[in-house]
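One letter stands for each residue in the lines below.
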Amino acid sequence: MAQKRIAIIGDGGWGTTLALLLNNKGYNCILWGAFPAYARTVEKSRINKKFLPGVRLPRNIRVTGDLREIKGSDYYILAVPCQYLRGILKRIRFIAKKPIVSVVKGIETSSLLQPSEIVEKALGPVRLAVLSGPTIAYEVVRGIPTTCVIASHDRALALELQALFSSERFRVYTSDDIVGVELGGALKNIIAIAAGISDGMGFGTNTKSA
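Residues numbered from 1 in each chain as written. Predicted model: local features only at pLDDT ≥ 70, side-chain atom pairs only at ≥ 80, totals over all residues. Heavy atoms only, no water.

### Details of the nonpolar core
Looking at soluble globular proteins, one finds that nonpolar side chains tend to be buried together.
Part 1: Membership of the largest hydrophobic core comes to 36 residues, with the highest contact counts inside it found for Ile6, Ile77, Leu161 and Phe165.
Part 2: Examining the composition of this core, we find that six residues originate from one element, helix α1 (residues 13–24), more than from any other.
Part 3: Residues Leu89, Ile100, Leu113 and Ile118 belong to the second largest nonpolar core, which totals 24 residues. (Core = buried A, V, L, I, M, F, W, Y, C linked by side-chain atoms within 4.5 Å. Buried < 20%, exposed > 50% of the residue type's maximum accessible area, 1.4 Å probe, protein only. Helix = DSSP H or I, 4+ residues; strand = E, 2+ residues; numbered from the N terminus.)

Take a look at the structure:
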């Protein structure tokens, strides 16, 4: 069986971490970054100093700033900031023919649309799933046990992607609640900041859990 080729669109900390996770499972991964000069630096140095410093990338993970190189992949993972997602999708309409996984967190400020809604407006009907959860890039890279959820209205796709991402230390659950999973990812940092403020003011556990 031919090795699956996975393109990760976005060379931030989480995109780079997912490339490492999937590479460790034996998949052929290519990591695209929006700034070609920086992508060339990472490709040469094997370290993403800006977004995942101290973590070395294996030679078989290709890093590029050229979108032509990601064509022909079996899966596409969207890992770009939410506010830039719409603009990037206009440049990669060719990905609509293959399964797409969005790990984009947030809500577009100009439209208040969720990432999955932006994808569907830009590309039309696609095989789409979203992956989110309390996932810290450095902990995943270090092999600390992590859980997350992948949501899709396509049950077969959710199960397919569950198998794709799951490992001994990265447990993936499935759901059909795309809206809930995306909102959870968008709101978790806001809740964490509020909980931190409450803790710093000495308000205790009752206030944080209210």
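The rest of the description comes next.
### So, the state of the cysteines
Part 1: Enumeration over the complete set of coordinates arrives at zero disulfides.
Part 2: The thiol of cysteine 29 is not disulfide-bonded; the next cysteine sulfur, from cysteine 148, is found 16 Å away.
Part 3: Relative accessible area serves as the criterion here: at 4%, cysteine 148 is assigned to the buried category. (Disulfide = S-S within 2.5 Å.)

### Focus on unusual backbone geometry
Part 1: One non-glycine residue, arginine 46, lies in the positive phi region at around 70 degrees.
Part 2: Along the polypeptide, arginine 46 turns up in the loop between α2 (36–45) and β3 (62–64).
Part 3: Non-glycine residue leucine 112 carries a positive phi angle of around 65 degrees.
Part 4: You can see leucine 112 is positioned in the loop between β5 (100–102) and α4 (115–123).
Part 5: The exposure class of leucine 112 is exposed, given its relative accessible area of 64%.

Everything listed here is a matter of coordinates, which is why it stays silent on function.
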